[in-house]
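An overview of the molecular structure
In case you want the letters, here they are:
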Amino acid sequence: MSALNLPADQRSDLIYQISGLTQEYQKRRVLDVESLEVRRGEVLGLVGPSGSGKSTLLRLLNFLEAPTSGEILFLGQQFNSGQEMALQYRRRVTTVFQRPMLLERTVWENVAFGLRLRGIRDGNPSVQAVLEEVGLGQFANQRARTLSGGEAQRVALARAMILQPDVLLLDEPTANLDPQNVVLIENIIRRINHDHGVTLVLVTHNIFQARRLADRVVFLLEGKIIEAAPTEEFFRSPKDARTRAFVEGVMVY
Amino acid sequence: MPEFFEIVLLSLQVSGIALVISTLIGVPIGALIGLTRFPGRRFAAVLLYTGMGFPPVVIGLFVYLLISRNGPLGSLNLPFAPQLFTPGAMITAQTIIAFPLVAGFTMAAVMGIDPQLRQQIMALGATRRQAAFTIMIEARLGIITSIIAGFGSIISEVGAVMLVGGNIEGKTRVLTTAIVLETRKGDFGLAVALGMVLLSLAFMANLAMMRLQGRSFEE
């Protein structure tokens with residue numbers, strides 16, 4: 001949607017092009033991605049055990065921190081070490097984290113928050129319409145902190161949706177939720193991709209969720225990409241022994 | 001009786017003005033130390049904590065020496081510098097007492113906000129300034145508490161106002177210094193009455209704080 005009014009060079013099919021990207025904390029290398037692309041419209045699943053660098057990669061994709069070395073090309077704009085991403089580009093991507101991270105305000109104000117940061121009063125579709133889309137229309141005036149875990153996460157999704165980002169990053173969006181809420185939230189995630197045309201990068205340690213939602217899966221281990229393949233192929237015939245171990249649940253994590 | 005109201009009014013004026021200045025200085029300083037990373041940040045925090053526990057009477061002494069006619073500031077004869085034994089001197093001393101409290105509690109309040117919330121705010125497209133502002137709004141109860149704590153510390157403070165104000169009748173006599181004087185004179189009735197006023201002021205400050213926090217108490 002928001003892609004329609006972009007200059008031609010930014011309408012490219014590649015949202016991200018990553019090359020030689022590394023991240024170190026206190027000299028410890030936590031991420032080392034030689035090359036990775038994210039294509040417009042796809043759902044990319046990032047799987048791997050905890051500590052494999054998935055969340056670090058997401059923070060880099062949201063330009064929340066600068067890499068130690070390497071670069072991310074985002075819609076034709078470069079992002080390197082020691083750099084801050086220009087606000088106008090940073091505002092075309094957002095993240096929904098594992099915990100909903102709502103503000104101590106009403107549900108409506110939470111959903112409108114990103115718009116307010118951009119100096120916009122209400123969205124099109126409106127805040128109310130997006131709340132209804134996630135099934136929380138009647139909660140608009142309730143204080144956000146009084147919601148249940150599943151409801152809160154739906155507010156977090158609505159807050160991201162209304163911004164109509166080019167990419168939505170999802171960091172374990174359904175961990176700690178009961179199965180019923182997992183279904184609800186996965187349906188919303190599908191709609192965000194199908195109906196709203198938002199590219200998704202989904203981090204999960206749940207391979208079943210990756211299988212249900214992703215078009216393509218990338219397996220990270222100790223900061224490195226071990227394997228990347230279309231979902232069916234990834235699960236049916238993994239090439240690397242470590243991927244096979246992970247997919248078959250043999251890998252202990 | 002008019003003298004009685006004069007004392008109450010001057011107490012409120014001196015501590016009120018000192019509190020406004022402390023808030024204007026203390027909240028930004030506390031937020032800055034709590035939210036940003038800079039060299040010497042830890043040292044600044046230690047200074048604040050030291051300031052929070054500094055004996056008011058020592059601050060009174062420090063201000064006294066500074067602004068007395070032979071002091072480093074007094075000897076300059078600056079037109080705007082506060083003079084000894086005036087409300088201005090009392091406001092100066094009380095500001096120095098209250099602002100570390102306001103800054104220290106503000107710092108603790110913003111540092112108490114989940115660091116991941118800050119990431120979320122940035123991820124939603126906030127500038128650094130917007131993120132800092134949003135976190136201060138999230139920490140609003142703690143910041144209000146810091147201001148009320150500052151008020152509580154100076155409205156009930158005796159040593160500094162006594163030293164730099166001098167407890168001059170009709171000029172620098174405030175509730176606390178009046179209580180000391182009336183007790184010494186043996187006029188316990190008046191001393192107790194002034195004490196009740198002081199207590200109710202402290203009570204009202206806390207009541208205001210409770211009302212502001214009311215919404216979160218109802219949870």
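Here the structure is shown first, and the text comes after it.
Starting from 1, residues in each chain are numbered consecutively following that chain's sequence as written. Working convention: letters from A go to chains and numbers from 1 go to ligands, in the order in which they are written. pLDDT decides what is reported in this predicted model: residues at 70 or higher carry local features, side-chain atom pairs at 80 or more are listed and counted, and totals for whole chains, interfaces and linings draw on all residues regardless.

Turning to unusual backbone geometry, a few remarks are in order. Residues and elements named next belong to chain A. Residue N124 is joined to P125 through a cis peptide bond whose omega torsion reads 5°. Its location among the elements puts P125 in the loop between helix 3 (107-117) and helix 4 (127-133). Located in the positive-phi region is M101, a residue other than glycine, with phi close to 55°. Helix and strand assignments follow DSSP, with helices taken as H or I runs no shorter than four residues and strands as E runs no shorter than two, numbered in order from the N terminus. The residue M101 is located in the loop between strand 6 (93-96) and helix 3 in this model. Assessed through the 22 C-beta atoms surrounding it within 10 Å, M101 is described here as buried. Phi is positive for E172, which is not a glycine, with a value near 50°. Along the chain, the position of E172 falls in the loop between strand 7 (167-171) and helix 6 (179-194). With C-beta atoms placed from the backbone, a residue is labelled by how many other C-beta atoms lie within 10 Å of its own: buried for 20 or more, exposed for 12 or fewer, partly exposed between the two.

Moving on to the packing of helix 5 (residues 115-123) of chain B against helix 6 (residues 128-138) of chain B. Residues and elements named next belong to chain B. Here the axes come from fitting lines to C-alpha atoms, over the contacting stretch only for helices, and the angles between their N-to-C directions go from 0 to 180 degrees. One way to put it is that helix 5 packs onto helix 6 with a least axis distance of 10 Å and a crossing angle of 135°. Here helix 6 runs oblique to helix 5, going by the angle between their axes. Handedness of the crossing formed by helix 5 with helix 6: right-handed. In this structure, helix 5 uses L117, R118, I121 and M122 to contact helix 6, whose residues at the interface are A131, T134, I135 and E138. Ten residue types, Ala, Val, Leu, Ile, Met, Phe, Trp, Tyr, Cys and Pro, are classed as nonpolar, four, Asp, Glu, Lys and Arg, as charged, and the remainder, Gly among them, as polar. In terms of residue class, the contact of helix 5 with helix 6 is made up of five nonpolar, one polar and two charged. Working rule for angles: under 35 degrees goes down as roughly parallel, over 145 as roughly antiparallel, 65 to 115 as roughly perpendicular, anything else as oblique. By definition, any crossing whose near helix is turned counterclockwise from its far helix by less than a right angle is left-handed, and any crossing with a clockwise turn is right-handed. We call two residues in contact if the C-beta atoms placed from their backbones are at most 7 Å apart.

Our next topic: the interface of chain B and chain A. The interface of chain B with chain A comprises twelve residues on the first partner and 17 residues on the second. At six residues, the largest contribution of residues to the side of chain B that touches chain A is made by helix 5 of chain B. Here the residues of the side of chain B that touches chain A are counted per class, giving five nonpolar, six polar and one charged.

For a helix, the expected span equals 1.5 Å multiplied by the residue count minus one. In this model, helix 7 (residues 140-155) of chain B (16 residues) spans 23 Å end to end at C-alpha, consistent with the 22 Å of a helix rising 1.5 Å per residue. The set of residues buried in helix 7 of chain B consists of B:G142, B:I143, B:S146, B:I147, B:I148, B:G150, B:F151, B:S153, B:I154 and B:I155.

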